[in-house]
Amino acid sequence: METGHFSLLIKPSGADCNLRCAYCFYLKKSALYPGSALHRMSGDCLEKCIASYMQTEQRVYSFGWQGGEPSLMGLGFFQQAVTLQQQYGRSGAVISNGFQTNGTMLSGSLAEFFTQYKFLVGLSLDGPEHIHNRYRRTIGGRGSFKNAMGGIKTLRRRQGEFNILTLVSEANVHHAGEVYDFLRNEDLRYHQYIPCVEFDSQGKRQPWAITGEDWGRFLLELFSRWYPRDIRRVSIRLFDSILNYLVYGQHNVCSMGNSCDHYFLVEHTGDIYPCDFFVDSELKLGNIQTDSWQTLRASPAYGEFAARKQILHTPCSDCELCTYCGGDCPKYRTRDGRSFLCEGWKLFYAETLPVFRDLAKQLTAQPHT
Ligand code: SF4
Ligand code: SF4
Ligand code: SF4
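Predicted, not measured: the structure shown is a model, and the values here were computed from it.

A.B. asks: Explain the site of ligand 1 residue by residue, including any values.
C.D. replies: The environment of ligand 1 is made up of Cys17, Leu19, Cys21, Cys24, Leu27, Gly68, Asn102 and Arg136. In terms of residue class, the shell around ligand 1 is built from 5 nonpolar, 2 polar and 1 charged.

As structure tokens, then:
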């Protein structure tokens, strides 16, 4: 079935979570599904989702499990998911599973399962305890740091593969060096930093959100820690993506690209949305029980959403950084279409782009072994 390549980001427990991080943008999405305190994907819905996706032609069948907190579903649900992937996958199908978690509820058996089936786990950690606990708290208001570190220990004991996802908020944006050194000293080598850009209904920046300039300075400090000693030791997703683009001409971070049609988000009911950042009733594209992937891919609403990324604010179309920044993620754009982080991107790239170009040259010149 011709649908083009896309992956799935599945939220089997909707927005349900055991934490109440102050900056969380997803918790409030449970209001889209009133009437029940618990939001759980049914076995039928899971089967329909996997079976129909496995019938499409993909180079890699890529499943991302996310929430809320997806480990609320328990081990049995993910065992069933893997069984269905194998049952409906053609022989030789390449299947990948990613699992994004706050790490506080990871049982040994779930970690063992992740290792057995090569799930790549992303675990959220915002830095050392006093930083992490500022916003990442339990329902009762306690910091979640110790439990998140417990999750890391559990994964390590089972030799699981994982990376660290750090939300860059007002808690840590002025402490890039401290955050980076902390992760490095804990021997955490795969980092992903995401800017916290959130506004209230009046368009006012939320107190935990960062400014563009803050973001630029954060990235510069990170770069100054990473570049002299850790190029081969620590992987930072944004830096990898810049190098990947310079060497292979391909972005591996969607905000740097030029369209938003790489994946679908599947909510626990089977409802489909175009992106994690745009789960809104007016952007609901359909439901996997009633709509085929082909129809969803071809729907005008999806096409319009995907193309939004290319509608650039005038300075972006003339900006020499546009091939790297792509005018940024539409979520970060202000009403006039300019990225709220623009100033930061300019600060960061002005200083680092020549160095990345040199690095890319060195990488290209290295003989393959
Ligand atoms: S752990 Fe993730 S989903 Fe849960 S409240 Fe925090 S940010 Fe939201
Ligand atoms: S809206 Fe942003 S996060 Fe979503 S697909 Fe587009 S660039 Fe990526
Ligand atoms: S750096 Fe600023 S002006 Fe340039 S493409 Fe990015 S958002 Fe647009």
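There is more to say, and it comes next.
A.B. asks: Account for the site of ligand 3, naming residues and giving values.
C.D. replies: The environment of ligand 3 is formed by Cys316, Cys319, Cys322, Cys325, Gly327, Ser339, Cys342 and Lys346. When contributions to the shell around ligand 3 are tallied by element, the ones reaching two or more residues are helix H12 (322-325) and helix H13 (342-365).

A.B. asks: Talk me through the environment of Arg136; I want residue IDs and the actual numbers.
C.D. replies: Along the chain, Arg136 turns up in the loop between helix H4 (129-135) and helix H5 (145-157). For Arg136, a relative accessible area of 8% puts it in the buried group. Arg136 sits 32 residues away from Val168 along the chain, and the two C-alpha atoms are 12 Å apart. In this view, Arg136 contacts Leu19, Cys21, Tyr23, Asn102, Ser124, Asp126, Arg142, Gly143 and Ser144; residues no more than four positions away in its chain are not counted. Here Tyr23 takes part through its side chain, which lies 2.9 Å from a polar atom of the side chain of Arg136.

A.B. asks: Before we move on, can you summarise the side chain of His132 with the specific residues and values?
C.D. replies: By secondary structure assignment, the location of His132 is in helix H4. A residue is classified by how much of its surface remains accessible, and His132, at 1% relative accessible area, is buried. Reaching out from His132, the side chain makes a polar contact with the backbone nitrogen of Asp126 at a distance of 3.1 Å. The residues contacting His132, other than those within four sequence positions of it, are Ser124, Leu125, Asp126, Gly127, Ser144, Phe145 and Ala148.

A.B. asks: Can you lay out the layout of surface pockets for me, pointing to particular residues and giving the numbers?
C.D. replies: Of the voids in this model, the second largest pocket is the one considered here, and its volume is about 820 Å³. Lining the second largest pocket are 24 residues; nearest its centre among them are Phe199, Phe278, Pro330, Lys331 and Arg333. Of the residues belonging to the lining of the second largest pocket, the class tally is 9 nonpolar, 5 polar and 10 charged.

A.B. asks: For the packing of helix H6 (residues 176-185) against helix H7 (residues 212-229), give the residues involved together with the corresponding values.
C.D. replies: Viewed as axis vectors pointing N to C, H6 and H7 meet at an angle of 40°, and their least axial separation amounts to 8 Å. Classed by the angle they form, the pair H6 and H7 counts as oblique. Crossing geometry of H6 relative to H7 is assigned as right-handed. Across the interface between the two elements, Ala176, Gly177, Glu178, Tyr180, Asp181 and Arg184 of H6 pack against Phe218, Glu221, Leu222, Arg225, Trp226 and Arg229 of H7. Along the lines of polarity and charge, the residues of the contact of H6 with H7 split into 5 nonpolar, 1 polar and 6 charged.

A.B. asks: Give me the lowdown on the nonpolar core, citing residues and values where you can.
C.D. replies: Counting 96 residues, the largest nonpolar core has Leu8, Trp65, Leu125, Tyr193, Trp293 and Phe348 as its most contacted members. Sort the elements by how many residues they give to this core and H13 lands first, with 8 residues. Counting residues in hydrophobic clusters, the runner-up holds 14 residues, among them Phe25, Leu265, Tyr273 and Phe278.

A.B. asks: Provide a residue-level description of the packing of aromatic side chains, including the pertinent values.
C.D. replies: Using the criterion set out here, one finds 42 aromatic pairs in the structure. We note Lys331 situated over the ring of Phe25; from NZ or CZ to the ring centre the distance is 4.3 Å. If you follow Lys331 out to its NZ or CZ, it ends over the ring of Phe277, 4.3 Å from the centre.

A.B. asks: Any details on the pattern of salt bridges? Residues and values, ideally.
C.D. replies: Per the counting criterion, the structure on display carries 15 salt bridges. For Asp181, the salt bridge goes to Arg225, with nearest N and O atoms at 3.0 Å. With a gap of 44 residues between them, Asp181 in helix H6 and Arg225 in helix H7 connect regions that are remote in the sequence. The closest approach of N and O atoms between Arg184 and Asp230, which form a salt bridge, is 2.6 Å. On the criterion of sequence distance, the pair formed by Arg184 in helix H6 and Asp230 in the loop between H7 and strand E7 (235-236) is long-range, its members being 46 residues apart. With respect to burial, Arg184 and Asp230 carry one shared label: buried.

A.B. asks: Mind laying out the pairing of strand E6 (residues 190-195), listing which residues take part and the relevant values?
C.D. replies: Along E6, 5 of the 6 residues are buried, which leaves the element largely enclosed by surrounding structure. Examined bridge by bridge, strand E5 (residues 161-168) and E6 share 5 bridges and lie parallel to one another. Residue pairing across strands places Leu165 opposite Gln192, the latter belonging to E6. As a crossover connection, the stretch from E5 through H6 into E6 is right-handed. Of the pairings in the sheet, the one linking E6 to E7 comprises 2 bridges and is parallel in character. Bridge assignment links Tyr190 to a residue of E7, and that residue is Ser235.

Reading the values: the criteria
Residues numbered from 1 in each chain as written. Chains lettered and ligands numbered in written order. Predicted model: local features only at pLDDT ≥ 70, side-chain atom pairs only at ≥ 80, totals over all residues. Heavy atoms only, no water. Near = heavy atom within 4 Å. Nonpolar A, V, L, I, M, F, W, Y, C, P; charged D, E, K, R; others polar. Helix = DSSP H or I, 4+ residues; strand = E, 2+ residues; numbered from the N terminus. Buried < 20%, exposed > 50% of the residue type's maximum accessible area, 1.4 Å probe, protein only. Contact = heavy atoms within 4.5 Å. Polar contact = N/O pair within 3.5 Å; in protein donor to acceptor, adjacent residues only side chain to side chain. 1 Å grid on protein atoms, 1.4 Å probe; cavity = no way out; pocket = protein on both sides within 12 Å on 5 of 7 lines; lining within 4 Å. Points joined across faces, edges and corners; volume = space filled by probe spheres on them. Axes fitted to C-alpha atoms, helices over the stretch in contact; angles between N-to-C directions. Parallel < 35°, antiparallel > 145°, perpendicular 65-115°, else oblique. Left-handed = near helix turned anticlockwise from the far one by under 90°. Core = buried A, V, L, I, M, F, W, Y, C linked by side-chain atoms within 4.5 Å. Phe/Tyr/Trp six-rings, centres within 6.5 Å; stacked < 30°, edge-to-face > 60°. Lys NZ or Arg CZ within 6 Å of the ring centre and 35° of its normal. Salt bridge = Lys/Arg side-chain N within 4 Å of Asp/Glu carboxyl O. Pairing = 2+ DSSP bridges. Right-handed = clockwise from strand over helix to strand, strands pointing away.

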